[in-house]
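Examining the three-dimensional arrangement
What follows is each chain in one-letter form.
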Protein chains: 2
Amino acid sequence: MSDSLFEALRNLLGERASTGAALLAHHGKDESHHPAAPPDMVVFPESSSEVSAIVRLCVEARTAVIPFGAGTSLEGGIGAVQGGVCIDLTRMNRIVQINADDLDVTVEAGVTRKRLNSDLRSSGLFFPIDPGADATLGGMASTRASGTNAVRYGTMRENVLSLKVVLADGRLIQTAGRARKSAAGYDLTRMFIGAEGTLGVITEVTVRLYGIPEAISAAVCTFPSINAAVQCCTQTIQSGIPVARVELLDEMQMRACNQYSALNYEPAPTLFFEFHGSPTGVREQAESVQEIASEFGGGNFGWAEKTEDLNRLWQARHDALYAALALKPGAKAWSTDVCVPISRLADCIEQARSDIDRSSLTATMVGHVGDGNFHVIFLLDPDKPSDFEDAQRINDRMVTRAIEMDGTCTGEHGVGVGKSHFLKQEFGDALNSMRDLKRVFDPLNILNPGKILDLSS
Amino acid sequence: MSDSLFEALRNLLGERASTGAALLAHHGKDESHHPAAPPDMVVFPESSSEVSAIVRLCVEARTAVIPFGAGTSLEGGIGAVQGGVCIDLTRMNRIVQINADDLDVTVEAGVTRKRLNSDLRSSGLFFPIDPGADATLGGMASTRASGTNAVRYGTMRENVLSLKVVLADGRLIQTAGRARKSAAGYDLTRMFIGAEGTLGVITEVTVRLYGIPEAISAAVCTFPSINAAVQCCTQTIQSGIPVARVELLDEMQMRACNQYSALNYEPAPTLFFEFHGSPTGVREQAESVQEIASEFGGGNFGWAEKTEDLNRLWQARHDALYAALALKPGAKAWSTDVCVPISRLADCIEQARSDIDRSSLTATMVGHVGDGNFHVIFLLDPDKPSDFEDAQRINDRMVTRAIEMDGTCTGEHGVGVGKSHFLKQEFGDALNSMRDLKRVFDPLNILNPGKILDLSS
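In this text the structure is predicted, and so the values were computed from the model without any measurement.

1. So, the overall build of chain A
Helix and strand content of chain A: 17 helices and 18 strands. What you see for chain A is a C-alpha radius of gyration of 22 Å, in line with the 23 Å of a compact globule of 457 residues. Long-range pairs, those at least 24 residues apart, make up 71% of the contacts in chain A with a sequence separation of at least 6.

In structure tokens:
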């Protein structure tokens, strides 16, 4: 970046514009295996109008801007692959307005989901989207995040009512009001959700809230095979049982969780369920699921209703990545995900497992199987390039199969730099329409360049 | 249109390209009060590639194309206001693929929702979106339709998985696969939903399906005031009771329904509820609602579980427009809708009612109140221009208030030609981004011109 841009940002933000080496390094790296790409400067705006001013200065200087939230992305979405200015939004962490009666809340983009839920607790409401990491709402909107609760509550796509966005020319727009539904005009809100900061910088997010359910219970059930577990899940969804969560952990992941979280589950393919509703309702749901599970050879049906048991169970699920890493100390994790129509899920998982087993790699598999979405977590030796090549090959095959099954190259991680070479296969000619969108909203290719679309080809 | 375009379309489609006067008249008029605007020709393609060929020919001749489904739009969305070729999609009425295991179906754009549900019956699945009219799926996607079930199942926005679309240059794209969720690329699907044919012509729609609930029951309850009824509804939603439908009919509408459908309800503000779930579940839901209703002075809590009673109840609700028309024989109906955050709903309805009562107009009000969405049906003397002026004035005030309440100028009817002058107030600078979208996807302004955006200002 130019000295004059450096000076201008310093003048605007003072100490909140920094080039400290550690800070740059921290902002060039997410939780993925992708190589670090530090920005030239990190800025910490405290308002939408500051973001607007930053973008204007960067556009004038033809310098890239990269929005940054919690840095928990998994496909290299926050790397400054063409250099530029990282806009760290974590100081924009105000809860702007809780509208408890309307079941919605507006927050600045840097608020994290745990912070939001902690602030909401006294209202009896909660925000259900839970990607595992304590991501920011701006980041979650940008990657169309979802996670364990999506099967019941939807993803960010369904739960964002409105966004405040700084466009590539610095203008600030509000995409919608707070009505639950609207038939007015083009859906700009959905256009920015999942755009990974390549069409605008999200500075405020209005999301739906839900009443904390009267009763919550959970169940754990093991199965003789992944196929049986997935079939149990499929049947559950098809029966219309409104499960709040249904998570698959494969045998390897269960071994890892047992070890890491000092649990004592059978090392077998396992489904974790959660039920939300009235006390009668959750009991009824669990009974129906138990019946379905027994049809598919499910055993050891365990049941949890107490908060501490529930927390222990889901903490183990959320720690899956760390548990996997502990299987192979010193390993680097590469977490990838695909999503397919649910009838193809067992096939897709089993073929990936068979590829893994034929390689020398260690990998666990976990899935939000109610949505047809699953993850492979490769555990790679950082000093062994062949490990990365093997993972890339298995990943390529898995993604290609998922797309052939009418699925998608990523259910929730986003495209970043890691999945963009699959978009042509997934979208065909529609990819040109995406390029058109990028060109009209970011004609100078300033906004998080190099992500999602490869504009050079 | 030019003679050469006329010839070219005739060559392409033979008898399926027509300029018969009655046909043109029929295709220039929807169910709204807006003036008729017949096209110059109506064409009946039977495949996406024929639509593609038609669009190519029209673009070459710089002639407008207007997609047409069932003609049930309510804001003049299908009028050929600049002349041109009406693409009637009703011959594209194939059910392309039912994926029962995946709970989705792909249909051609001309399939109507009743036809779809009738074809689905043996599968135990149903498509819940129900705007009242027997609209086509293509039309419903284009106007982001919703209706009575949206409070539980969402709108077209939440239920379309993928679209096949012919772009302004004749290219055919598929916007997505069939995965339940995806974080891959820009959300082209949502971009075309609600675009009213101004960004592309939808030729196929893939939507989510749901299992027909094990039990369905309904309840009717009258209230001392609209305010009390709305508060009951608000409280119900806030309590997280998963009602499938909650519809408000005002006193005037109840009088109309009693008369039209030979019913015997108390002429008072009334809520119609429907509950879906297990037999225990629907009973529990109804009991909870009855408890809430009694807090707000709700009386005459009637309960229906038998199919014939349910059908009679909902038929009365669906016939609301015809019932209203029967109040004033010879009248023309003008149906308008807005949607606001639910905490503002009672206010918004009461202020509209007060405006109506201060005028000489007759109007009924019905609402999908669980979403904060309601309709005013004005009954106007077709020979009295002052009736239309009064309705316009009351409508303008109501929409302006709805937008000031952080709501929207239309919850489900769409913008068409009737609401476009409100978009600046609703979206401010974001309207420019909508214009950018239109310009990049339809640079020659060929696709349903004059709808949604006023490009002249």
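2. With respect to the domain arrangement of chain A
Domain annotation for chain A reports domain 1 (3-88), domain 2 (95-211), domain 3 (215-321) and domain 4 (327-404). Taking only C-alpha atoms, the centre of domain 2 of chain A and the centre of domain 4 of chain A are 30 Å apart.

3. Some details on helix 17 (residues 430-441) of chain A
Counted at 1.5 Å a residue, the expected span for helix 17 of chain A with its 12 residues is 16 Å, and the 17 Å between its end C-alpha atoms agrees. Every buried residue of helix 17 of chain A is listed here: Ala430, Leu431, Ser433, Met434, Leu437, Lys438 and Phe441 of chain A. Taken around the axis of helix 17 of chain A, the buried residues stretch over an arc of 155 degrees, which confines them to a single face. For helix 17 of chain A, the secondary structure elements touched by its buried residues are helix 16 (423-427) of chain A together with strand 9 (172-174) and helix 8 (188-192) of chain B.

4. Topic: the relation of the copies chain A and chain B
Least-squares fitting of chain A to chain B yields an RMSD of 0.0 Å, with the transformation described by 0.0 Å of translation along the axis and a rotation of 180 degrees. The transformation just described matches what one would write down for a two-fold rotation axis.

5. Observations regarding the environment of Val165 of chain B
All names here are of chain B. Looking at the element boundaries, Val165 is found in strand 8 (residues 160-166). You can call Val165 buried: it has 31 C-beta atoms within 10 Å. Sequence separation between Val165 and Gly197 is 32 residues, and the spatial gap between their C-alpha atoms is 9.7 Å. Aside from chain neighbours lying at most four places away, what touches Val165 is Ile173, Thr175, Phe192, Gly200, Val201, Ile202 and Thr203.

6. A word on the nonpolar core
In this structure, Ile54, Val65 and Ile87 of chain A together with Ile54, Val65 and Ile87 of chain B are the most contacted members of the largest nonpolar core, which totals 304 residues. Residues within four places of Val65 of chain B in sequence aside, it is in contact with Ile54, Val55, Cys58, Gly84, Val85, Ile87, Val201, Ile446 and Leu447 of chain B.

7. Topic: the packing of helix 9 (residues 226-238) of chain B against helix 14 (residues 345-358) of chain B
Residue and element names in this part refer to chain B. Contact pair helix 9 / helix 14: the axes reach a minimum separation of 9 Å and the direction vectors enclose 155 degrees. In terms of orientation, helix 9 lies roughly antiparallel with respect to helix 14. As for how helix 9 packs across helix 14, the hand of that crossing is right-handed. The residues of helix 14 that touch helix 9, namely those facing Ile226, Asn227, Val230 and Gln231, are Leu345, Ala346, Ile349, Glu350 and Arg353. Taken together, the residues that form the contact of helix 9 with helix 14 break down as 5 nonpolar, 2 polar and 2 charged.

8. What to know about the packing of helix 14 of chain B against helix 15 (residues 385-404) of chain B
All names here are of chain B. Running from N to C, helix 14 and helix 15 cross one another at 165 degrees; their axes reach a closest spacing of 10 Å. In terms of axis orientation, helix 14 runs roughly antiparallel to helix 15. Judged by the sense of rotation from one axis to the other, the crossing of helix 14 with helix 15 is right-handed. Where helix 14 abuts helix 15, its residues Cys348, Gln351, Ala352, Asp355 and Ile356 lie against Ile394, Arg397, Met398, Arg401 and Ala402.

9. Structural notes on the pairing of strand 12 (residues 215-222) of chain A
Residue and element names in this part refer to chain A. Most of strand 12 sits out of view: 6 of its 8 residues are buried. Relative to strand 14 (residues 270-277), strand 12 is paired through 8 bridges, and the arrangement is antiparallel. Residue pairing in the sheet places Ser217 in a bridge with Phe275 of strand 14. Summarising the sheet, strand 12 and strand 15 (residues 299-304) pair through 4 bridges and their orientation is antiparallel. The partner of Thr222 across the bridge, within strand 15, is Gly299.

10. Digging into the sheet that holds strand 3 (residues 65-68) of chain B
All names here are of chain B. Judged by pairing direction, the sheet is mixed, and its 4 strands sit side by side in the order 1-2-4-3 without closing on themselves. Looking at which strands have only one partner, the edges of the open sheet turn out to be strand 1 (17-18) and strand 3. One ladder, built from 3 bridges, connects strand 2 (residues 41-43) with strand 4 (residues 85-88); its direction is parallel. In the strand pairing of strand 4, Val43 is matched with Ile87. Contacts from helix 1 (residues 3-13) reach strand 1, strand 2 and strand 4 within the one sheet, and its direction differs from that of strand 2 by about 25 degrees. Packing against the sheet, helix 3 (residues 48-60) makes contact with strand 2, strand 3 and strand 4, and its axis sits at approximately 175 degrees to strand 4.

11. Remarks on the pairing of strand 17 (residues 362-368) of chain A
Two faces make up the sheet, and in a regular strand the side chains alternate between them. All names here are of chain A. A large share of strand 17 lies buried, amounting to 6 of its 7 residues. One ladder, built from 2 bridges, connects strand 13 (residues 245-249) with strand 17; its direction is antiparallel. For Leu249, the partnering residue across the bridge sits in strand 17 and is Val366. Where strand 17 folds back onto strand 18 (residues 373-380) in an antiparallel hairpin, the turn is made up of 4 residues, including Gly372, whose phi is positive at roughly 80 degrees.

12. Re the sheet that holds strand 16 (residues 332-339) of chain A
All names here are of chain A. One open sheet accounts for 7 strands, arranged 15-12-14-13-17-18-16; its pairing is antiparallel. The sheet is open, and its two borders are formed by strand 15 and strand 16, each paired with just one other strand. Going from strand to strand, the sheet's axes swing by 15 degrees on average, the running direction of each strand aside. In this sheet, strand 18 lies alongside strand 17 in antiparallel orientation, the contact comprising 7 bridges. Counted as the bridge partner of Thr362 is Leu379 from strand 18. Here helix 14 (residues 345-358) sits on the sheet in contact with strand 16, strand 17 and strand 18, set at roughly 170 degrees to strand 17.

13. Remarks on the environment of Ala244 of chain A
All names here are of chain A. Secondary-structure assignment places Ala244 in the loop between helix 9 (226-238) and strand 13. Take Ala244: there are 23 C-beta atoms within 10 Å of it, and that puts it in the buried class. Each C-alpha atom, one on Ala244 and one on Ala150, is 7.7 Å from the other, the two residues being 94 residues apart in sequence. With residues near it in sequence (within four places) discarded, Ala244 still touches Asn149, Arg152, Glu274, Phe275 and His276.

14. Topic: the confidence of the model for chain A
Residues of chain A with pLDDT of at least 70 account for 100%, and the chain-wide mean is 95. Scored as a whole, the predicted complex attains pTM 0.97, and scored at its interfaces, ipTM 0.97.

15. A closer look at unusual backbone geometry
Residue and element names in this part refer to chain A. A positive phi angle, near 55 degrees, is found at Leu103, a position not held by glycine. You can see Leu103 is positioned in the loop between strand 5 (95-99) and strand 6 (104-108). Overall, the presence of 22 C-beta atoms within 10 Å leaves Leu103 in the buried class.

16. Structural notes on helix 15 (residues 385-404) of chain A
All names here are of chain A. Spanning 20 residues, helix 15 covers 29 Å between terminal C-alpha atoms, matching the ideal 28 Å at 1.5 Å per step. The complete set of buried residues in helix 15 reads Asp387, Asp390, Ala391, Ile394, Asn395, Met398, Val399, Ala402 and Ile403. Along its buried surface, helix 15 packs onto strand 16, helix 14, strand 18 and helix 16. A positive phi of about 75 degrees marks Asp406, the residue just after helix 15.

Parameters at a glance
- Residues numbered from 1 in each chain as written.
- Chains lettered and ligands numbered in written order.
- Predicted model: local features only at pLDDT ≥ 70, side-chain atom pairs only at ≥ 80, totals over all residues.
- Helix = DSSP H or I, 4+ residues; strand = E, 2+ residues; numbered from the N terminus.
- Rg over C-alpha atoms; globule rule 2.2 N^0.38 Å.
- Contact = placed C-beta atoms within 7 Å.
- Domains from an automatic or database assignment.
- Expected span 1.5 Å × (residues − 1).
- Buried ≥ 20, exposed ≤ 12 C-beta atoms within 10 Å, placed from the backbone.
- Arc of directions from axis to C-beta.
- Least-squares fit on C-alpha atoms with pLDDT ≥ 70 in both.
- Core = buried A, V, L, I, M, F, W, Y, C linked by C-beta atoms within 7 Å.
- Axes fitted to C-alpha atoms, helices over the stretch in contact; angles between N-to-C directions.
- Parallel < 35°, antiparallel > 145°, perpendicular 65-115°, else oblique.
- Left-handed = near helix turned anticlockwise from the far one by under 90°.
- Nonpolar A, V, L, I, M, F, W, Y, C, P; charged D, E, K, R; others polar.
- Pairing = 2+ DSSP bridges.
- pLDDT = per-residue confidence, 0-100.

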